[in-house]
Amino acid sequence: MRSVKTVHVISAHAEGEVGDVIVGGVQPPPGETLWDQRTFIAQDQSLRNFVLNEPRGGVFRHVNLLVPPKHPQADAAFIIMEPEDTPPMSGSNSICVSTVLLDSGIIPMQEPETHMTLEAPGGLVRVRAECRDGKAQRIHVQNLPSFADKIAVPLEVPGLGTLTVDTAYGGDSFVVVDAEALGFEIVEAEARDIARLGVAITNAANDQLGFTHPQNAAWEHISFCAFCGPLKTTETGLTGKSAVAIQPGKVDRSPTGTAVSARMALMAAKGQMKVGQVFEAVSIIGSRFAGRIVEGAKVGDRAAIIPEISGRGWITGVHQHMLDPDDPWPGGYRLSDTWGVGR
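This write-up is about the structure you can find in this document. Computed from a predicted structure; not experimentally measured. (Residues numbered from 1 in each chain as written. Predicted model: local features only at pLDDT ≥ 70, side-chain atom pairs only at ≥ 80, totals over all residues. Heavy atoms only, no water.)

The next thing to look at is the overall build of the protein. Across its full length, the protein holds 6 helices and 19 strands. A globule of 343 residues ought to have a C-alpha radius of gyration of about 20 Å, and the protein, at 19 Å, matches this closely. For the protein, the spread of C-alpha atoms along the principal axes amounts to about 55 × 45 × 40 Å. Out of the 343 residues belonging to the protein, those deemed buried represent 54%. (Helix = DSSP H or I, 4+ residues; strand = E, 2+ residues; numbered from the N terminus. Rg over C-alpha atoms; globule rule 2.2 N^0.38 Å. Buried < 20%, exposed > 50% of the residue type's maximum accessible area, 1.4 Å probe, protein only.)

Under the defined criterion, the tally for this structure stands at 0 disulfides. Among the cysteines around Cys-96, which has no disulfide bond, Cys-131 carries the closest sulfur, lying 15 Å off. Free of any disulfide, Cys-225 has its nearest cysteine sulfur in Cys-228, 8.5 Å distant. (Disulfide = S-S within 2.5 Å.)

To continue, consider the side chain of Lys-250. Assignment of secondary structure puts Lys-250 in strand β15 (residues 250-251). Once residues within four sequence positions are removed from consideration, Lys-250 is found in contact with Glu-17, Val-59, Phe-60, His-62, Pro-83, Ala-195, Val-244 and Ala-245. (Contact = heavy atoms within 4.5 Å.)

Quick look at the nonpolar core now. The biggest cluster of nonpolar side chains holds 70 residues, and the ones touching the most others in it are Leu-118, Leu-155, Ile-201 and Phe-227. Beyond its immediate stretch of four places on either side in the chain, Ile-201 contacts Leu-155, Val-157, Leu-160, Leu-163, Val-175, Val-177, Leu-182, Cys-225 and Phe-227. Counting 16 residues, the second-largest nonpolar core is a separate cluster that includes Val-7, Ile-22, Leu-34 and Phe-50. (Core = buried A, V, L, I, M, F, W, Y, C linked by side-chain atoms within 4.5 Å.)

This next bit is on the pairing of strand β16 (residues 278-282). Alignment of strand β14 (residues 237-246) against β16, held across 5 bridges, turns out to be parallel. Its bridge partner being in β16, Gly-237 is matched across the sheet by Val-278. Looking at chain direction, β16 and strand β17 (residues 288-299) are connected through 5 bridges and run antiparallel. Among the inter-strand pairings, Glu-280 is bridged to a residue of β17, identified as Ala-290. From the end of β16 to the start of β17, which pair antiparallel, there are 5 residues, and Gly-286 there has a positive phi angle of about 90°. (Pairing = 2+ DSSP bridges.)

Scanning the entire structure with this criterion turns up 7 aromatic pairs. Pairwise contacts between aromatic rings join Phe-147, Tyr-169 and Phe-211 into one cluster. The ring centre of Phe-50 lies 4.3 Å from the NZ or CZ of Lys-5, which sits over that ring. One Lys or Arg, Arg-38, reaches over the ring of Trp-35 and ends 4.5 Å from the middle of that ring. (Phe/Tyr/Trp six-rings, centres within 6.5 Å; stacked < 30°, edge-to-face > 60°. Lys NZ or Arg CZ within 6 Å of the ring centre and 35° of its normal.)

Compared with the 18 Å implied by 1.5 Å per residue over 13 residues, the 18 Å span of helix α3 (residues 91-103) between its first and last C-alpha is a close match. With 12 of its 13 residues buried, α3 lies for the most part within the structure. Taken together, the buried positions of α3 are Gly-91, Ser-92, Asn-93, Ser-94, Ile-95, Cys-96, Val-97, Ser-98, Thr-99, Val-100, Leu-101 and Leu-102. Directly after α3, the chain includes Gly-105, whose backbone phi takes a positive value near 85°. (Expected span 1.5 Å × (residues − 1).)

If you want it as structure tokens, here you go:
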């Protein structure tokens, strides 16, 4: 087999959402900080196209690049590549990265728990992994500070009329809508409609509401739409279903760790959830993340929370993505039958 490029990947998923991890074959991108490196990847597009576009990728795939950490406290660093964005942080991807680091032996596993610090483009995240019989059984991630942005504001969406929505940040930026009010039960058969409407709502929210992180002015858009079902009280806190629409038009198979963090920040701002309580989020396929408010915090002058999310990850394979020198599509391709229209 001949190839002018070979990228070594360990494939994984976290509660259903794919989060592959590049472990070799790619040099660290230029940049003094991890955010600089993330920005280079976002603007250059060549690596994103190679691993995300067909025929090697697809709209369902997220890919993480392991790089040497910049922060002295970090054990490893990763840059997240989603179908349309290169975000500050991702819950499902951090679980996949942690699982790959430990299950592959890149970072030595300690049983019954391994503690490590990962550096994401948005900052440091602390990881506690429950480990048994050589497997990382459950990953707990202390996420970036999360906060409510706008609460109960009107949003005009073509074809839907006026909605009442919230916006929030949980390591990434969200517009949050009431799934029940829009007629959704959050079941698998609704995925296509949730994806389509979610993109329309996200685009409208960017046009009308906007978002800028108070400490990172470079993050200035809303990434996702979270459809949130009714809350139910449990012995330890709350539970509820949710589905997140991801540009250019797919539904997260997991409960979305950044959405869990954003929703907990909104619940804290509304007086629905307190420090120490647990929120169990259920995805469209029935998978679950557990969220917990560790403590209060501040982001600039905004009240915020430090959230912890936890879930399970599994390795699904080992791949070598290659490029034949005669391949007429070296950067791959995207078609609107699966990729949708995006922003």
